[in-house]
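Remarks on the overall topology
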Amino acid sequence: MSGGDGPNSYSKNSHLQRKTTSLLKEKIDKLVLEKLNAKTLISSDSNTFRIADLGCATGPNTFFLVDNIIKSIETSLRKSNSSKPEFLVFFNDLPQNDFNTLFTSLPQDRSYLAVGVPGSFYGRVLPQSSVHIVVTMGATHWLSSVPKEVLDKSSKAWNKGKVHYSNAADEVVKAYRDQFGRDMEKFLEARATEIVSGGLLVVGMCGIPKGMPFSNLADSIMYTSMADVLTQMHSEGLISEEQVDTFNIPIYSATPEEVTVLVVKNGCFTVESMELMDPTAWLKRPTNVEDVRHWMVCIKATMGSLFINHFGEHLLDDVFDRLTAKLVGLTEKIESSYREKVMLFFALQRK
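Residues numbered from 1 in each chain as written. Predicted model: local features only at pLDDT ≥ 70, side-chain atom pairs only at ≥ 80, totals over all residues. Heavy atoms only, no water.

In the annotation of an unreviewed UniProt entry, the entry for the protein reads S-adenosyl-L-methionine-dependent methyltransferase, and the organism field reads Arabidopsis thaliana x Arabidopsis arenosa.

As structure tokens, then:
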């Protein structure tokens with residue numbers, strides 16, 4: 001994510017993610033009230049309730065999410081005539097995340113203590129049986145790395161001229177799928193160790209219905225347009241062919257069935273919820289040109305660092321100016337693309 005709090009930063013350009021996360025508030029409230037025995041969890045431990053947000057970025061979305069969870073827990077405790085505990089929140093992201101912006105943005109009137117935890121959530125980041133609720137929103141579709149096969153010129157999965165598995169060869173799709181499977185296995189193993197028995201793991205990520213080609217989705221239009229823009233910039237001598245051919249976005253949209261298989265294989269959780277949702281349910285009208293522009297501002301804040309690391313910061317604005325112009329011209333195609341069930345929400349309870 002783009003750090004800082006400037007005009008191009010993630011903290012100032014993540015409103016679409018916030019609107020999407022807000023759609024999950026009622027579901028998370030219901031999970032806390034019906035599935036989480038907060039009173040028992042606290043009494044069997046200290047008088048501290050511990051929450052972790054994995055892939056928290058720089059705020060402010062993580063603060064809204066945490067506040068809503070705490071309010072739900074307080075409601076649950078009031079119904080059982082329990083006293084209010086102390087709350088401790090672990091904010092986790094990769095070491096290169098801008099934790100300075102995160103902590104300078106912490107709400108002054110917050111009702112919790114805060115701890116920063118740098119590290120990849122595809123491994124352990126917290127002590128054993130130390131946390132009651134783990135949430136992660138818009139993070140687990142990011143793979144730990146680009147699948148090595150798509151960068152290998154001798155592999156059938158060599159993804160020449162494309163930036164994603166959308167509209168790519170079956171071997172490329174399989175490479176992404178296999179990488180996601182390995183990553184999610186590690187993710188579940190780590191959370192099974194960190195979450196107390198009876199605790200919850202709540203995840204929101206990119207998803208797709210089983211059997212649906214990714215090419216049906218609006219994101220496919222974006223990835224195809226990205227590749228077209230980079231190819232054009234290569235033809236103009238701005239970037240090399242090798243730079244184009246070795247650039248891939250490490251994002252995978254999983255089906256509920258894929259995740260369920262991995263959860264069952266892990267064996268440490270029960271599935272309390274597993275469903276696909278419409279992340280744009282808040283948009284009550286057809287997509288227009290300004291919606292596309294706002295979408296690209298958010299994408300630039302989210303993915304900009306990938307382009308900077310691969311092509312150089314001097315080309316970032318040029319890439320996204322071209323991409324925005326191209327997608328604005330495809331507004332009607334974006335509006336007619338499939339968007340109804342492309343957010344996967346699932347909740348697991350630790351056995």
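Here the narrative resumes, following the displayed structure.
Note that side chains of opposite charge can pair when their charged atoms are close. Summed over the entire model, instances satisfying the criterion amount to 16 salt bridges. A salt bridge links Glu 272 to Lys 35, with the nearest nitrogen and oxygen atoms 3.2 Å apart. Taken together, the residues Glu 272 in strand E6 (residues 269–277) and Lys 35 in helix H2 (residues 25–35) connect sequence positions 237 residues apart. Using a relative accessible area of 36% as the deciding quantity, one classes Lys 35 as partly exposed. The salt bridge partner of Arg 124 is Glu 194, with a shortest N-O separation of 3.8 Å. In this pair, Arg 124 sits in the loop between strand E3 (113–118) and strand E4 (131–137) while Glu 194 sits in helix H6 (residues 170–194), placing the two residues 70 residues apart along the sequence. (Salt bridge = Lys/Arg side-chain N within 4 Å of Asp/Glu carboxyl O. Helix = DSSP H or I, 4+ residues; strand = E, 2+ residues; numbered from the N terminus. Buried < 20%, exposed > 50% of the residue type's maximum accessible area, 1.4 Å probe, protein only.)

A few words now on the environment of Glu 236. As for its placement among the helices and strands, Glu 236 is situated in the loop between helix H7 (218–235) and helix H8 (241–245). Using a relative accessible area of 43% as the deciding quantity, one classes Glu 236 as partly exposed. Sequence separation between Glu 236 and Asn 248 is 12 residues, and the spatial gap between their C-alpha atoms is 21 Å.

Glancing now at the sheet that holds E3. The strands making up a sheet associate through hydrogen bonds between their backbones, and the pairing can be parallel or antiparallel. Within the open sheet, the 7 strands sit side by side as E3-E2-E1-E4-E5-E7-E6. Their pairing is mixed. Looking at strand neighbours, the two that pair on one side only are E3 and E6, the edges of this open sheet. Strand-to-strand, the axes of this sheet are offset by a mean angle of 15 degrees, without reference to chain direction. Across the sheet, helix H4 (residues 61–79) lies against strand E1 (48–54), strand E2 (86–93) and E4, angled at about 150 degrees from E2, the strand it touches most. Sitting on the sheet, helix H9 (residues 256–266) touches E6 and strand E7 (343–350), and the angle it makes with E6 is about 170 degrees. (Pairing = 2+ DSSP bridges. Axes fitted to C-alpha atoms, helices over the stretch in contact; angles between N-to-C directions. Contact = heavy atoms within 4.5 Å.)

Looking now at unusual backbone geometry. Phi is positive for Ala 57, close to 60 degrees, though the residue is something other than glycine. Its relative accessible area of 3% is what places Ala 57 among the buried residues. The phi torsion at Asn 167 lies on the positive side, around 60 degrees, for a residue other than glycine. With respect to the helices and strands, the residue Asn 167 is situated in the loop between E4 and H6.

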